[in-house]
Amino acid sequence: MKIDVLLGLQWGDEGKGKVVDVLTPSYDVISRFQGGPNAGHTLEFEGRKFVLRSIPSGIFQGDKINVIGNGVVLDPALFKEEVESLEKSGHTLTDRLRISKKAHLILPTHRLLDMAYESAKGSGKIGTTGKGIGPTYTDKVSRNGLRVGDLLHNFDEKYKAAINRHLDILKHYQIEFDLPALEKVWFEGIEKLKEFQFIDSEHFINDTLKSGKKVLAEGAQGTMLDIDFGSYPFVTSSNTICAGACTGLGVAPNKIGDVYGIFKAYCTRVGSGPFPTELFDHDGDEMRRIGFEFGSVTGRPRRCGWIDLVALRYAIMINGVTQLIMMKADVLDSFETIKACVAYKIDGAETEEFPFDLNDGAEPVFVELPGWKTDLTSIKSEDEFPEELNSYLDFLEEELGVPVKIVSVGPDREQTIIRHQD
Ligand code: GDP
Ligand code: IMO
Ligand code: MG
């Protein structure tokens, strides 16, 4: 069998958590391959709402195995919080969640370094989630990181060396902190972590595929936040793209099956950085209000704008997307007109190519389509789609060259329409 990958094509928060949950019944194993608790994946079903940060979104469906892969960075303190809140709501995970020994640990000082680096950047700050993601991946790449598997051998020594190295750096920044208090919570997290099975996840995933079982890889963040191909430097510190599933799980490129690319019917971004189609008017405010566009981790208001097909085409190319999933169609229910950016104007010249540096200024060139002015939230099948929604989907498929297989019309698991037409 091959592994299917689901990932975001925009700047994150496309609705990955919801769709992974919907697709989980067709899979045996769900695995996260990059990112960490900077992610906030929301799932809604049976009148309840959950936000997952490090735990894969397959955790609510029966006896499926969920894996935190080697490409993930894990904060034991936040992991403990997440597990306990799930346990409180009646979900026991210990048998169904396994953790790669090669996943890197976010230390208490990584979070402090994240804060220090951000404040030193002043107005040029990235607007990170403050979870220590950048400093943890930096330590991984500079070969100074601590891994989950290290908890099993001489951990204290390695931990102290890392903390002392970080404290040496922190001396140069003016931030206040209470390290013993942070460490207390962190080590309690370590105890919680140890309740779970640490595995060689690359063997587990490949053996699972070999035995004919199905694996779904769940991306975090989105392609426009990818460390190589996103709007650098306003990006996260991991490869959020399909290739990240190879390095973050240990699967070979020729083992990748379907690539589900997920996007909103419009576009959002949280944090700093360029966003060519951003709206500063009533339409943008309406998208934020109706779509409840506030960060699921930080609560920050998300910046809103029209769909950007230049960026989407680029994302589809980089990821080898085979199927598209359009989210939050219902948020546009009341809009008279829908706009889509089909090209950029850069230095007066029109281009459909994604530029080297989005920060240099790209003016969107829009086309307008009629809105559907229909409440989609209780629709049960594609036969009920209004004509204007079908036209919007036809237009997107034509522009993007990949079929839209799923349309989401509300946050609930049930508000998901699978399209059957080719
Ligand atoms: P993720 O990080 O990609 O998993 O996305 P988030 O959970 O951060 O953000 C998506 C938000 O949109 C969540 O609040 C979801 O409950 C919500 N959502 C998902 N799909 C839909 C939809 O089709 N319509 C509406 N109105 N909300 C949706
Ligand atoms: P999910 O998985 C949206 C953004 C931050 C910031 C930049 C770098 O829920 O889609 P980091 O803390 O990673 O160093 O921050 O990336 N960011 C996200 N934006 N959704 C996310 O995750 C994000 N994870 C990070 O806002 O701009
Ligand atoms: Mg999110």
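Values in this document were obtained by computation on a predicted structure and should not be read as measured data. (Residues numbered from 1 in each chain as written. Chains lettered and ligands numbered in written order. Predicted model: local features only at pLDDT ≥ 70, side-chain atom pairs only at ≥ 80, totals over all residues. Heavy atoms only, no water.)

Colleague: In this structure, what is going on with the nonpolar core? I would like to understand it.
Modeller: Grouped burial of nonpolar side chains is what soluble globular proteins tend to show. In terms of nonpolar packing, the biggest core is built from 71 residues, with Ile3, Leu309, Leu324, Met326, Tyr392 and Leu396 touching the most fellow members. By residue number, the principal contributor to this core is helix 10 (residues 309–319), which donates 7 residues. Apart from residues no more than four positions distant in its own chain, Leu324 is found in contact with Leu9, Gly261, Phe263, Ile316, Leu400, Val402, Pro403, Val404, Lys405 and Ile406. In this structure, Leu93, Phe155, Ile190 and Leu193 belong to the second largest nonpolar core, which totals 32 residues. (Core = buried A, V, L, I, M, F, W, Y, C linked by side-chain atoms within 4.5 Å. Buried < 20%, exposed > 50% of the residue type's maximum accessible area, 1.4 Å probe, protein only. Helix = DSSP H or I, 4+ residues; strand = E, 2+ residues; numbered from the N terminus. Contact = heavy atoms within 4.5 Å.)

Colleague: In this structure, what is going on with the coordination of the magnesium ion (ligand 3)? I would like to understand it.
Modeller: Geometry reference: four tetrahedral donors at a metal, ideal angle 109.5 degrees. Six octahedral donors, ideal angles 90 or 180 degrees. Protein coordination at the magnesium ion (ligand 3): the donors are Asp13 (OD) and Gly40 (O), at 2.1 to 2.2 Å from the metal. Taken as a pair, Asp13 in the loop between strand 1 (3–8) and helix 1 (16–23) and Gly40 in the loop between strand 2 (29–32) and strand 3 (41–45) lie far apart in primary sequence, 27 residues in all. The exposure class of Gly40 is buried, given its relative accessible area of 9%. (Donors = N, O, S within 2.8 Å, 3.2 Å for Na, K, Ca; no water.)

Colleague: Please explain the pairing of strand 19 (residues 404–408) as it appears in this structure.
Modeller: Looking along a regular strand, one sees the side chains alternate between the two faces of the sheet. Most of strand 19 sits out of view: 5 of its 5 residues are buried. Both strand 15 (residues 323–327) and strand 19 contribute to a ladder of 3 bridges, which runs parallel. Within strand 19, the residue paired with Met326 across the bridge is Val407. In this sheet, strand 20 (residues 416–418) lies alongside strand 19 in antiparallel orientation, the contact comprising 3 bridges. (Pairing = 2+ DSSP bridges.)

Colleague: Any chance you could explain the pattern of salt bridges here in plain terms?
Modeller: Pairing of side chains with opposite charge becomes possible as their charged atoms draw close. A complete count under the given rule lists 24 salt bridges for this structure. For the salt bridge of Arg413 with Asp21, the shortest nitrogen-to-oxygen distance reads 2.7 Å. With a gap of 392 residues between them, Arg413 in the loop between strand 19 and strand 20 and Asp21 in helix 1 connect regions that are remote in the sequence. Asp21 matches Arg413 in its accessibility class, with the two residues each being buried. Between Lys184 and Glu188 there is a salt bridge whose closest N-O contact spans 2.9 Å. One end of the pair is Lys184 and the other is Glu188, both in helix 6 (residues 179–193) and 4 residues apart, which spans about a single turn. Among the charged side chains, a network of salt bridges with common partners joins Asp13, Lys264, Glu293, Arg302 and Lys328. (Salt bridge = Lys/Arg side-chain N within 4 Å of Asp/Glu carboxyl O.)

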